[in-house]
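# A look at the structure
In case you want the letters, here they are:
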Amino acid sequence: IFVCFLIKYKLNIQEMKKRMLLKSFCIALLLCCISGKTYAQDWKSILTGVAKEVVGDKITTASSIVGTWNYVAPECKFESDDLLAKAGGEVASKKVEDQMQTVYDKIGLSGCQFTFNEDGSYSYKLKNRTVSGTYTFNDTDKTITMSAKLGIKLTAQVTVAGNNMSLVFNTDKLMSALQTITGAVSKVNDTASSINSLISTYDGLRLGFELKK
């Protein structure tokens, strides 16, 4: 009887271990699925930067623009889902941004800072250069137009998501925008071939900056 009891006890222990092992495996599998989903989402965010959907984000409002925003990285957007898909999706976006990083490094864009105030005034600073003026926000088109005191205007598509902002320009206006912001006309002109190459390669592309509040 004692031997039978030991055998039965041992079998019960083994059965409990199997159940615990199976339960642990299921929990681990579930966590991996959740982790995998989160990782995929994080990877998408890395590739696409700030709200890398097509142009025309609906959550951006006049009040969400207010604040001081620091340059983080290049930003690109496409005018439609079809154009984004045709270009190759997020991989194309990442490729464009890598190429633009080379351009921005060359013209010295790092350290640029934009400030938008509630009263409609704005300023941007880059090294020892500071430019100020007024801005208007078009809620329908989700564009911001910055008018400097010298009469120079910059119009960009704006997207705000939490503490992140993107400002992207029509490609035919990008060179002028970079010249205005950096004040380094000759350096910007030296990058014309690189920028024009991107413009000719991808339809419906807009280029600009990723900013962080």
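Residues numbered from 1 in each chain as written. Predicted model: local features only at pLDDT ≥ 70, side-chain atom pairs only at ≥ 80, totals over all residues. Heavy atoms only, no water.

### Comments concerning the overall build of the protein chain
A count of helices and strands for the protein chain gives seven helices and eight strands. A sequence separation of at least 24 residues applies to 66% of the contacts in the protein chain between residues at least 6 apart. Total accessible area computed for the protein chain in this model is approximately 12500 Å², and 57% of it derives from carbon and sulfur atoms. (Helix = DSSP H or I, 4+ residues; strand = E, 2+ residues; numbered from the N terminus. Contact = heavy atoms within 4.5 Å. Areas by Shrake-Rupley, 256 points an atom, 1.4 Å probe, with all protein chains shown as cover.)

### Examining the sheet that holds strand β8 (residues 205-212)
The strand order around the closed barrel formed by eight strands is β1-β2-β3-β4-β5-β6-β7-β8, and the pairing between neighbours is antiparallel. Neighbour to neighbour, the strand axes of the sheet diverge by 35 degrees on average, direction disregarded. Summarising the sheet, strand β1 (residues 67-78) and strand β2 (residues 113-116) pair through four bridges and their orientation is antiparallel. From the neighbouring strand, Thr-68 faces β2, where its bridge partner is Thr-115. (Pairing = 2+ DSSP bridges. Axes fitted to C-alpha atoms, helices over the stretch in contact; angles between N-to-C directions.)

### Topic: the packing of helix α5 (residues 171-182) against helix α7 (residues 192-201)
At a minimum axis separation of 10 Å, α5 and α7 run at an interaxial angle of 155 degrees. Taken as axis vectors, α5 and α7 run roughly antiparallel relative to one another. Note that α5 runs across α7; the crossing there is right-handed. On α7, the residues that touch Thr-171, Leu-174, Met-175 and Leu-178 of α5 are Ala-192, Ile-195 and Ile-199. Partitioned by chemical class, the residues of the contact of α5 with α7 number six nonpolar, one polar and no charged. (Parallel < 35°, antiparallel > 145°, perpendicular 65-115°, else oblique. Left-handed = near helix turned anticlockwise from the far one by under 90°. Nonpolar A, V, L, I, M, F, W, Y, C, P; charged D, E, K, R; others polar.)

### Considerations on α5
In this model, α5 (12 residues) spans 17 Å end to end at C-alpha, consistent with the 16 Å of a helix rising 1.5 Å per residue. Among all positions in α5, only Thr-171, Leu-174, Met-175, Ala-177, Leu-178, Thr-180, Ile-181 and Thr-182 are buried. Just downstream of α5, Gly-183 is the residue with a positive phi angle, here 70 degrees. (Expected span 1.5 Å × (residues − 1). Buried < 20%, exposed > 50% of the residue type's maximum accessible area, 1.4 Å probe, protein only.)

### Considerations on the packing of aromatic side chains
Taken as a whole and assessed by the stated rule, the structure comprises 10 aromatic pairs. For the pair Tyr-71 and Tyr-104, a centre-to-centre distance of 6.1 Å together with 70 degrees between the ring planes defines the contact as edge-to-face. Of this pair, Tyr-71 sits in strand β1 while Tyr-104 sits in helix α4 (residues 89-107); the two residues are 33 residues apart in sequence, bridging distant segments of the chain. A residue is classified by how much of its surface remains accessible, and Tyr-71, at 13% relative accessible area, is buried. Ring centres of Phe-169 and Phe-209 lie 5.8 Å apart, and the angle between their planes is 70 degrees; this geometry places the pair in the edge-to-face category. (Phe/Tyr/Trp six-rings, centres within 6.5 Å; stacked < 30°, edge-to-face > 60°.)

### Looking at the nonpolar core
Grouped together as the largest cluster of nonpolar side chains are 46 residues, with contacts concentrated most on Tyr-104, Leu-109, Phe-114, Phe-116, Met-165, Leu-167 and Phe-209. Top element by residues in this core is α4. It accounts for six residues. Those residues within four positions of Phe-114 in sequence are excluded, and the remaining contacts are Gly-67, Thr-68, Trp-69, Ser-123, Tyr-124, Met-146, Leu-167, Ile-181, Phe-209 and Leu-211. (Core = buried A, V, L, I, M, F, W, Y, C linked by side-chain atoms within 4.5 Å.)

### Some points on unusual backbone geometry
One non-glycine residue, Lys-127, adopts positive backbone phi at about 55 degrees. Mapped onto the elements of the fold, Lys-127 is located in the loop between β3 (121-126) and β4 (129-138). Judged by its relative accessible area of 65%, Lys-127 falls in the exposed class. The phi torsion at Lys-142 lies on the positive side, around 60 degrees, for a residue other than glycine. On the secondary structure map, Lys-142 appears in the loop between β4 and β5 (143-148).

### Some thoughts on α7
Ala-192, Ile-195 and Leu-198 are the residues of α7 that are buried. One face of α7 carries all of its buried residues, which in axial projection span an arc of 130 degrees. Residues Ser-193, Ser-200 and Thr-201 are exposed on α7 and point more than 90 degrees away from its buried face. (Arc of directions from axis to C-beta.)

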